[in-house]
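Topology and contacts: notes
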Amino acid sequence: MSDEQLTVYIDPDQIKAQKDNKYDLFLAKKVNGQFTVVWQSKGAQAAANKPSYEYQNKFDLSVLSFCVNYVNNPVDLSAGSSFTSSGQKQSIELGQTVILNADGLFETVQSDGKSTEIVIHNQLQANPHEVLMDQDGNPIFVNTTSGMDVGDATLTPIDTYQVWFGSQQDTGTIIADNRSNIKEVQLEGGQTKIITYTADGTWADGAPAS
C-alpha cells in the first residue's frame, strides 16, 4: 500500500472559534463499513510531542501493516469490581490470516488470504471482540457489538476517512455518538487530497482561495 496524505486547511476565524470551544480535530478510518475508533486526535492547545491543529494540517496516512487483537466484555465480580481480559497483539498485513486458538493465543500468520482483507480464524469461545490497530498499536476498529463467533472474522480496511471537530477525545477511543458536520474523504494508494474548513463553518474540497 502506497503512502497517502490528507491536508486539512482551517480558516483563521474557525481556528479561533474551534479553539475557543476547546474542540479537537479528529480523523477516523472506515473498517468493515464502520467508523468506530478515533484514529488521530489533534487538540486545541499544543503540548510536548502533541502538536495542536493550526491553519495547515497534514495527515500522512501510510499503513503498511496492522496488528490484530481481541478484548472480552467486562465481567462484574462483586460490588465495585470487574474483570476484563485481552490478548497479546499480533502483527499482520493485508492478505494474511491468523488462527486465534482456544487458549486465546495467536498462532503463526499465514499469507493465504485475499489482498484486501485480514482474517482471524477464531477458535476462542465467548465471543471476543476483534480489534484492528495500525502498526504503532493505535486502534482503528473495535467490534463493539456481537464479538467473534467461532469461525472466521474478516477485517476489511477501506481507504475512506472522516474528519470533524468535537469535544476532546483521545486517539484510540470509541467515537462519540454526537458528531456533526463531518467530512468524508476517499483516498487510493499514493493519492493526496486537500480539504478546507471555511470561514462559514462548512467543508470544501481543495485549498482555500489565495
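Up top you'll find the structure we're talking about.
Residues numbered from 1 in each chain as written. Predicted model: local features only at pLDDT ≥ 70, side-chain atom pairs only at ≥ 80, totals over all residues. Heavy atoms only, no water.

Turning our eyes to something else, we now look at the sheet that holds strand β13 (residues 151–155). On the basis of which strands lie adjacent, the open sheet formed by three strands has the order β9-β10-β13 and mixed pairing. A strand with exactly one partner marks an edge of an open sheet, and here the two such strands are β9 (97–100) and β13. Looking at each pair of strands side by side, their axes are set apart by 25 degrees on average, direction ignored. (Pairing = 2+ DSSP bridges. Helix = DSSP H or I, 4+ residues; strand = E, 2+ residues; numbered from the N terminus. Axes fitted to C-alpha atoms, helices over the stretch in contact; angles between N-to-C directions.)

Our focus in this paragraph is the pairing of strand β1 (residues 5–10). Burial analysis of β1 places five of its six residues in the buried class, which makes it a mostly covered element. Two strands pair when backbone bridges link them, and β1 and strand β4 (residues 56–60) are joined in this way by five bridges, in the antiparallel orientation. When the sheet's bridge partners are listed, Gln-5 is paired in β4 with Asp-60. (Buried < 20%, exposed > 50% of the residue type's maximum accessible area, 1.4 Å probe, protein only.)

Right, let's get into the packing of aromatic side chains. Tallied over the entire structure, the rule returns eight aromatic pairs. An angle of 70 degrees between the planes, with centres 5.5 Å apart, marks the rings of Tyr-53 and Phe-165 as edge-to-face. A residue pair is termed long-range when its members are at least 10 positions apart, and Tyr-53 in the loop between β3 (40–42) and β4 and Phe-165 in strand β14 (residues 157–166) qualify at 112 residues. Here Tyr-53 matches Phe-165 in class, with each residue buried. Taken together, the ring pairs in this structure connect Tyr-53, Phe-165, Tyr-197 and Trp-203 into an aromatic cluster. In this arrangement the basic side chain of Lys-19 is found over the ring face of Tyr-53, its NZ or CZ atom lying 5.4 Å from the centre. Over the ring of Trp-164 we find Arg-179; its NZ or CZ atom is 4.9 Å from the centre of that ring. (Phe/Tyr/Trp six-rings, centres within 6.5 Å; stacked < 30°, edge-to-face > 60°. Lys NZ or Arg CZ within 6 Å of the ring centre and 35° of its normal.)

A few words now on the nonpolar core. By size, the foremost hydrophobic cluster in this structure holds 37 residues, and its most contacted members are Leu-6, Val-68 and Ile-120. Residues in contact with Leu-6, not counting those within four places in the same chain, are Leu-27, Asn-57, Lys-58, Phe-59, Leu-61, Val-163, Val-185, Leu-187, Lys-193 and Ile-195. Among the nonpolar cores identified, the runner-up in size contains six residues, and Phe-26, Ala-28, Val-38 and Trp-164 belong to it. (Core = buried A, V, L, I, M, F, W, Y, C linked by side-chain atoms within 4.5 Å. Contact = heavy atoms within 4.5 Å.)

The values reported here are purely geometric and, on their own, carry no functional implication.
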